[in-house]
Each structure stands twice: as structure tokens, then as C-alpha cells.
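Now for the letters of each chain:
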Amino acid sequence: MLVHEMVDYAVFLVDPDGCIASWNEGVARNLGYDEGEFIGLPFRSIFNAEDQAQGADQQELDRARQEGRSDDQRWHVRKDGSQFWCDGVLNALRSETGELLGYSKILRDATARKKAEEELKESRERLEAALSAAHTGTYRWDLATDVLVWDNRLNELFGLMPGQAVQRLEDLFARIHPDDVPAVRESYERCRREGVDFHCEYRVPLASGGMRWVYDRGTLFRAGNGAYMTGAATDTTAHKQAEQERERLLQENARILAEMKAIFASIPDAIYVGDENGIRECNARALEMLGFDTGADLDRSVAVLAREIQTRDARTGQVLTAEMQPFTRALKGEAVTAEVSTRRVDTNEEVIVRCAAAPVRLDGEVIAAVAINTDITAQKAAERRQEQLLAALRRSNEQLTQFAYVVSHDLQAPLRSIRSFTQLLDRRYKGQLDTAADEFIASIVDGATRMEQLIRALLQYAQAGDRNAPRAPVRLAGILDGVLMNLHDILRETGGTVIAESELPTVQGDWFQLLQLFQNLVANALKYRRPGVPPQVRVSAERRAGTWRIAVADNGIGIAPADFEQIFEPLKRLHGREIPGTGIGLSICKKIVDSLGGRLWVESEPGSGATFFFTLPD
Ligand code: ADP
């Protein structure tokens, strides 16, 4: 009767051969069989295929037979084939003589309990995983016994081996950085005294030499007479380091900002930083350059400023609209350099600035623009003056050359007639007048001849170095051959030699001018020879930084350094009539080299020859 009422339990008998011999309501409820269906079934039919294959049914029976009972938890199979988790006990039934009469089996559906257990296990695992991931360890401290129990994660956090667990509160304090102990102790004390939750942060020096930051919070629980505190401690080292790094970066930024401001203030150029809405930052020089009182004057939209501060292109004079201004262009992403003319807002004076404006980008986006303006008003004025002076000089030079040409040309004819008539006088009346008259006539002829030479030289000078002469490639070796031919007689007379010491290049120039240049230099080298020493002239060429440097060296009388400059001036001579000459040759050479864009100079030591150098562009 009782058995029949135990409807939550399936209770049935199994005969010694393993067949089911009885049934109760609980069987229908748990296993789904009617009485008629159930009785006679083999015991194994309520086991699942896996347990059947392993002989679990027989093992249960064997254990009950041998040991009196078998307690089992396993999956059983209902009539409809579904499975459920069971707690079961199988008892062996014996007669008074000990003969096996059969077995009684009691089982109960424990699926819900197993599920709850599994859920609990799973949630515990989840909690463990979360605590692990959060680098958090938990502990419990019994206030009455001062026993501190903590988990392995706390051990790891404190850098301890599993066996080294902290057992008393004082053990914990011994592991904390001494400077932090008073605050932690106070937190624990307040929690104990007033029952308030506590939280504190402290450092844990590690045996490895490092330092770990720990954030610890706990709650007080009272249970019966006892009280304990339970808490969690989290490793916040990474967070703390990030915080410290952020702090360091902030300080670094503040330092850079201060430096930038100092640079800003000390730079003699005007600096502006801003966007469409106005100039956000500028230095004192910027205000001063444009005649503004305060920075607020500039903090207006760029369009408004553009209207107020009129700007022009300094070169063309074209008015620059807001869109054309360097700052606006920089805000559109362009890097601009320009010379801009503007006017001070206070005095309306013109200020010319060289402006360099560039966009400021953040993640590729233009967020602002920066402009640096250098005041070049004075420099521009000087340049303008210089240009005017140069133009005036060029004009007057041209006029002078023209004048020299006209004068020397026009003087030639009367001079020629003076010389011819005096020669006529000489031929017709020589010996008929007195000796003094003969000498006078000879002096006039001499003077007229010399004057003619001078005028011819002057004419040559006026014509030399024509900058507009067409240029073509000229072989300098060919020029030297021409010079040797022209000077053949004097070379023979003096026993002189001219040698090219290196290969001579081909340069751009005018053939006749280059011949004149070389011929004057070589002729001088032969003319200013040392008495009794056959003249030797060495010509060489050397290439330096895109230009040719030609040298004409001799072994003649040389030139004193004090005269290095003046010998290139027209009509300047270092000698009297004993060495014939007009003093024009070197000045012609200089005009020619100048016109070709080169430079002519001399190096010498008196008594040991002179070397004339000139450069010619490639
Ligand atoms: P000129 O030879 O007609 O006097 P130049 O203009 O050619 O005029 O030379 C100017 C002066 O430079 C010469 O009078 C001479 O004193 C000096 N001079 C020129 N070339 C040489 C040289 N190779 N050696 C020494 N003195 C020289």
C-alpha cells in the first residue's frame, strides 16, 4: 500500500533472473509504463544503449547480490525512449536461509537536481573565469579567530607560492609596501568598527623586484555571534601604469606647449594659427606687424579679416581675395609661399611680408592652418633701390661706351691728317730748317702715332665684350693654334714657347672674343719676359663645379700683389715707354670674361712669373 503511494519514486521488484516482477504508480510517472507492460520486462530495458553495452545492469545486480545494495546515479530510458537522470538504489532480497529471492529497485527522477548542480557548477566556473580575467582574487577573514583564507589568484597577485598563503591579517600587512600599510590598516579598522564597506589601493613589492598595484574592497558580514569580512583584490598595475603614463604624457604635452609658446614669443617672425573661424593663436610680433592692439582683434572669421586686411601680390600688385590668400589656401590643404603686400591697420603703412602657410592635419583631415610671415619691407625697398641703381649704371655705362666709341672714332680722322701732314713736313723740309725744328717734327710724328695707337686701343675697348655677340661652341685648342700663328714672329724673335699642359675644352662663346682674350694674355706673357730668359707660356684647363678654370702661366718678371687689381683697369700700365703698350689689353680681357659670365684674376710673385686665371661656364 505504502509502495503504491510513493508516486514520486518508481519502486519495483526484479526476480533473480533479472525480469521485472512488480509495478507501482511511480513507475508509470517516471518510466511511462502501465503495469501490464512493465511486469516481465528484462531489468536491462530501462538502461540506455551505452550502459547496456557496458553491462551496467548486470553490474548493478551483481553488486547488490554481493554487497546487499547498489547505489547508482545514471541515465534511464522511458518507454517512449527519452532519457532522464536518476538516483537509484537496488537492494538484494534474501530468505531467512540466505537464499536470493530477488531485488527491490527504488529510483527517482533527479534531472532537475542534476541540472541545478550543473548550472551551479557552470556559474561557479564563469565566476572563476571572470575573476581570473579581471586579475581578481577573493579572501575571507574571520574577525574572531583572525584566520585569513584566500584563493590562489591572490597568491599569484602577491607573487607567492601556493604553500606560502597568508594566514593572519598581519601577514598581509607584512607583504604590503610599508608606506601604504597605515592607510590599509585604517580601512580594515573602520570596516570592523563601523561595519562600512572598505576599499583601498596599495602596492605589493614583488620578490622579482617589480611592484604590483592592488585595488582591494571588502564587506563585513555578521553570522550568529561571529563576523567575517569578505573581499576581492584586483591587480590594477596595468591600469595604474597607463594612468602614470597618461600623467607623464600630460606633463610632457604641457612642457612642449610651454616651449612652443616660448618659441612663439621669441621668434622675430609673425606666426598665426587658426581656422575658418579666426586666428586662434598668434605671437606678439604678429599683432605688432599689422598694428593690432590685442589678439581678440584677429579672432574673427577669415573672410571678415580678409576684407579688413587688404592684401596684394607683392610682385604683380594684384589684389588678393579671401580665396587667394595664403592662409585660406592652406586651410584648403595647400602649402603656399608668397610675397604679399598689406597695410597696417593703425597707420595704413605698407608692409611687405614673405608668407609661408601650411595646413595642420590630424588623421589626414585639415583642422587648421599655420602661417609664418617675415617682414621684408626694408629688404624689398633696398632691392628696389639696388635695381634702380643698377639700371641707371647700365644706362650710363652704355652711354659712356657709346661716347668713347664716337670720340675715338671721330678723333681718328683729324689725328691721321695731323700725322700725314707732319710726315709731309718732315719729308719736305728735313734739313732745311734748324736741328731743333727737325726734332720738333719728329716728336709730333711720334706723339701722333702714339695717340693713334691709343685711340685704336680705346676703340677696341669700347667694342670689346659685346654681351649680345652670338654664342656657339668654341674649341679652345683651336683658339690657341690661332694665337700661335698670329704671334709666330715674336715667338721666333724671343725664342719663346707656348705649351698646352692639359687638354683644352670646348666652351660656349664668341670665337673672335675668345681669340682676343687668349692672344692678349699670351702676348703679355711674351712681352713681360725676364731679360735673357726665353719666355715659356703654359696653358691649362681644370673643371671645377660646372665651370672651367683656365690658367695662362709665364716665367716672366711677375707682378707685385699691390698691382693685382689696377692692371685690369683701362690705360693702367706698370711700365714706361721702355716696354711698348697702351694699358688696354687686360681691361679688354676683363670685359670679355665678364660678358661670358666668368671671372679674371692674377696670381704672381715678382721675379718668378705671373699666372692669369679666368673661369668660363661650361
Ligand atoms: P699693356 O700690356 O699694353 O701695358 P695690359 O692691359 O695688357 O696693357 O697690361 C697692363 C699692365 O699689366 C702692363 O703694363 C704690365 O705692367 C702688366 N702685365 C700684364 N701682363 C703681364 C705679365 N704677363 N707679366 C707681368 N706684368 C704684366
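Preceding this paragraph is the structure being described.
Draft legend 1. Quick look at the overall build of the protein chain. In terms of regular secondary structure, the protein chain is built from 19 helices and 23 strands. Scaling as 2.2 N^0.38, a compact globule of 618 residues should have a C-alpha radius of gyration of about 25 Å, whereas the protein chain reaches 59 Å, well beyond that. A buried classification covers 38% of the 618 residues belonging to the protein chain. Excluding contacts between residues fewer than 6 apart, the proportion of contacts in the protein chain whose partners are at least 24 apart in sequence is 51%.

Draft legend 2. The arrangement of the site of the ligand in detail. In the vicinity of the ligand lie 20 residues, with Asn524, Tyr528, Asp554, Arg573 and Leu586 positioned nearest. At a separation of 2.9 Å, a nitrogen atom of the ligand approaches a polar side-chain atom of Asp554. Protein chains shield 98% of the accessible area of the ligand, which is 520 Å² for the free molecule. Secondary structure elements with two or more residues in the shell around the ligand: helix 18 (511–527) and helix 19 (585–595). Broken down by element, the residue count for the shell around the ligand peaks at three residues, all from helix 18. For the shell around the ligand, the residue count by class is nine nonpolar, seven polar and four charged.

Draft legend 3. Just the pairing of strand 14 (residues 336–343), in detail. By the bridge criterion, three bridges tie strand 12 (residues 311–313) to strand 14 in an arrangement that is antiparallel. In the sheet register, Thr311 faces strand 14, and the bridge partner there is Thr342. Summarising the sheet, strand 14 and strand 15 (residues 350–362) pair through eight bridges and their orientation is antiparallel. Note that in strand 15 the partner of Glu339 across the bridge is Arg354. Here strand 14 folds back onto strand 15, and the loop between the two strands holds six residues, one of which, Asn348, carries a positive phi near 65 degrees.

Draft legend 4. Structural detail: the sheet that holds strand 12. Judged by pairing direction, the sheet is antiparallel, and its seven strands sit side by side in the order 11-10-16-15-14-12-13 without closing on themselves. Taken across any chain shown, the strands that pair with only one partner, and hence form the sheet edges, are strand 11 (278–282) and strand 13 (319–320). Bridging between strand 15 and strand 16 (residues 365–375) involves 10 bridges; their strand directions are antiparallel. Opposite Pro359, over in strand 16, you have Ala369 as the bridge partner. Helix 14 (residues 377–429) rests against strand 14, strand 15 and strand 16 of the sheet, and its axis sits at about 130 degrees to strand 15.

Draft legend 5. Geometry of the nonpolar core. Core analysis: the biggest nonpolar cluster contains 43 residues, and Leu476, Leu514, Phe518, Phe612 and Phe614 have the highest contact counts within it. Residue assignment for this core shows that the elements contributing at least two residues are helix 16 (476–486), helix 18, strand 20 (536–544), strand 21 (547–554), helix 19, strand 22 (600–604) and strand 23 (610–617). Among the elements that line this core, the one with the most residues is helix 18, at eight residues. Setting aside anything within four residues of it in sequence, one finds Phe518 in contact with Leu476, Ile479, Leu480, Val483, Val539, Ile550 and Phe614. Core analysis: the next-biggest nonpolar cluster, separate from the first, contains 28 residues, Trp141, Leu148, Phe198 and Val204 among them.

Draft legend 6. Structural context of the state of the cysteines. Enumeration over the complete set of coordinates arrives at zero disulfides. Counting only cysteine sulfurs, Cys200 is the nearest neighbor of Cys191, a cysteine outside any disulfide, at a range of 10 Å. Judged by relative accessible area, which is 0%, Cys191 ranks as buried.

Draft legend 7. Layout of the pattern of salt bridges. Enumeration over the complete set of coordinates arrives at 47 salt bridges. Measuring nitrogen to oxygen at the nearest pair gives 3.2 Å for the salt bridge that ties Asp62 to Arg65. In this pair, Asp62 and Arg65 are both assigned in helix 5 (residues 56–67), three residues apart and thus about one turn of the helix distant. Taking the shortest distance from any N to any O, the salt bridge between Asp446 and Arg577 comes out at 3.3 Å. Residue Asp446 is located in helix 15 (residues 435–463), and its partner Arg577 is located in the loop between strand 21 and helix 19; the two are separated by 131 residues in the primary sequence. Given the relative accessible area of 60%, Arg577 is considered exposed.

Draft legend 8. Structural context of the packing of helix 18 against helix 19. At a minimum axis separation of 9 Å, helix 18 and helix 19 run at an interaxial angle of 145 degrees. The two elements helix 18 and helix 19 cross, and the hand of that crossing is left-handed. Counting all contacts with helix 18, which are made through Gln513, Gln516, Leu517, Asn520, Leu521 and Asn524, the residues of helix 19 involved are Gly585, Leu586, Ile588, Cys589, Ile592, Val593 and Ser595. The residue makeup of the contact of helix 18 with helix 19, split by class, is seven nonpolar, six polar and no charged.

Draft legend 9. Molecular detail of the packing of aromatic side chains. According to the stated counting rule, one finds 13 aromatic pairs in the structure shown. Residues Trp75 and Trp85 carry aromatic rings whose centres are separated by 5.2 Å and whose planes lie at 75 degrees to one another, so their mutual orientation is edge-to-face. With Trp75 in strand 2 (residues 69–77) and Trp85 in strand 3 (residues 83–94), the pair connects residues that are 10 residues apart, well separated along the chain. For Trp75, a relative accessible area of 35% translates into the label partly exposed. Look at Phe158 and Tyr202: their rings are 6.4 Å apart centre to centre, the planes differ by 50 degrees, and that puts the pair in the tilted class. Placement of Phe158 in the loop between helix 7 (152–157) and helix 8 (169–175) and of Tyr202 in strand 7 (residues 198–205) is noted, with a sequence separation of 44 residues between them.

Draft legend 10. Structural view of helix 18. When the terminal C-alpha atoms of helix 18 are compared, their 24 Å separation across 17 residues agrees well with the 24 Å that a helix rising 1.5 Å per residue should span. With 12 of 17 residues buried, helix 18 lies mostly within the body of the structure. All of the buried residues along helix 18 are Gln513, Leu514, Leu515, Gln516, Leu517, Phe518, Asn520, Leu521, Val522, Asn524, Ala525 and Leu526.

Cut-offs used in this document
- What you see as residue numbers is a count from 1 along each chain, following the sequence as written.
- For this predicted model, a pLDDT threshold of at least 70 governs which residues receive local features, and a threshold of 80 or more governs which side-chain atom pairs are given and counted, while totals over whole chains, interfaces and linings are taken from all residues.
- To obtain the side-chain values, all non-hydrogen atoms of the structure were used and water was disregarded.
- Only DSSP runs of H or I reaching four residues or more are called helices, and only runs of E reaching two or more are called strands; each is numbered from the N terminus.
- Radius of gyration: C-alpha atoms only; globule rule: 2.2 Å multiplied by the number of residues to the exponent 0.38.
- Exposure categories follow from relative accessible area, calculated using a 1.4 Å probe and restricted to protein chains: below 20% of the type maximum is buried, above 50% is exposed, and the middle band is partly exposed.
- Residue contacts are defined here by distance: any two heavy atoms, one from each residue, within 4.5 Å place the two residues in contact.
- Proximity is defined per residue: any heavy atom of the residue falling within 4 Å of a molecule or strand makes that residue near it.
- Throughout this description, a polar contact denotes any pair of N or O atoms lying within 3.5 Å of each other; where both atoms belong to protein, one of them has to be capable of donating a hydrogen while the other can accept it, and for residues adjacent in sequence the pair is counted only when both atoms sit in side chains.
- A 1.4 Å probe and the Shrake-Rupley method give the accessible areas. Residues count as covered only by the protein chains that appear here.
- When residues are grouped by polarity, Ala, Val, Leu, Ile, Met, Phe, Trp, Tyr, Cys and Pro land in nonpolar, Asp, Glu, Lys and Arg in charged, and all others, Gly among them, in polar.
- Strand pairing is assigned whenever DSSP identifies at least 2 bridges connecting the two strands.
- Helix axes are fitted only over the stretch in contact, all axes being lines through C-alpha atoms; the angle between N-to-C directions runs from 0 to 180 degrees.
- In these notes, a set of buried Ala, Val, Leu, Ile, Met, Phe, Trp, Tyr and Cys residues joined through side-chain atoms within 4.5 Å is what counts as a nonpolar core.
- Count a disulfide wherever a pair of cysteine sulfur atoms falls within 2.5 Å.
- Basic side-chain nitrogens of Lys or Arg form a salt bridge, by our definition, when they fall within 4 Å of a carboxyl oxygen of Asp or Glu.
- Handedness of a crossing follows from how the near helix is turned relative to the far one, being left-handed for an anticlockwise turn of less than a right angle and right-handed for a clockwise one.
- Ring pairs are drawn from Phe, Tyr and Trp, using the six-membered ring of Trp, whenever the two centres fall within 6.5 Å, and their geometry is named by plane angle: stacked under 30 degrees, edge-to-face over 60, tilted for the rest.
- Helix span, as expected, comes to 1.5 Å for every residue beyond the first.

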